[in-house]
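Results of the structural survey
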Amino acid sequence: MNAVSPESPTRDSPDVGRRAPIAVWPWPIALGLLTTFGLLSALLGQHGIWLALSWAALSIPLIVTVICLVRAWSRPSSKGGLS
């Protein structure tokens, strides 16, 4: 006998772990816009504040990527062991 009701999602159900698109896309879009701004500011402004802005705008997505990778690697895998 199965104690789980048909309405509640099970572990093998495709709906488990899914989020609405509005919950998934804001960060990738923001990082993409920040990268675009950093590339344009590095291309168009060669001195002064533009150089600092381009470094900051291009460093932030890189730092976020490294942090996400470290978190993913340190989390145990669903298959056992580290991922």
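See the structure printed just above.
This section reports on the structure supplied with the text. Because the structure is a prediction, the values reported are computed rather than measured.

1. Some words on the overall build of the protein chain
- Helix and strand counts for the protein chain stand at 3 helices and 0 strands.
- The secondary structure elements of the protein chain, listed N-terminal to C-terminal, are α-α-α.
- Buried positions account for 7% of the 83 residues belonging to the protein chain.
- Pairs at least 24 residues apart make up 19% of the contacts formed inside the protein chain by residues separated by at least 6 positions.
- Summed over all atoms, the accessible surface of the protein chain reaches about 7300 Å², with 70% contributed by carbon and sulfur.

2. Comments concerning helix H3 (residues 49-74)
- The end-to-end C-alpha separation of H3 is 37 Å, in line with the 38 Å expected for 26 residues at 1.5 Å each.
- Its buried side turned inward, H3 meets helix H2 (26-44).

3. Section: the side chain of Ser41
- Structurally, Ser41 can be placed in helix H2.
- The exposure class of Ser41 is buried, given its relative accessible area of 3%.
- Beyond its immediate sequence surroundings of up to four residues, Ser41 is in contact with Trp50, Leu53 and Ser54.

Definitions and cut-offs
- Residues numbered from 1 in each chain as written.
- Predicted model: local features only at pLDDT ≥ 70, side-chain atom pairs only at ≥ 80, totals over all residues.
- Heavy atoms only, no water.
- Helix = DSSP H or I, 4+ residues; strand = E, 2+ residues; numbered from the N terminus.
- Buried < 20%, exposed > 50% of the residue type's maximum accessible area, 1.4 Å probe, protein only.
- Contact = heavy atoms within 4.5 Å.
- Areas by Shrake-Rupley, 256 points an atom, 1.4 Å probe, with all protein chains shown as cover.
- Expected span 1.5 Å × (residues − 1).

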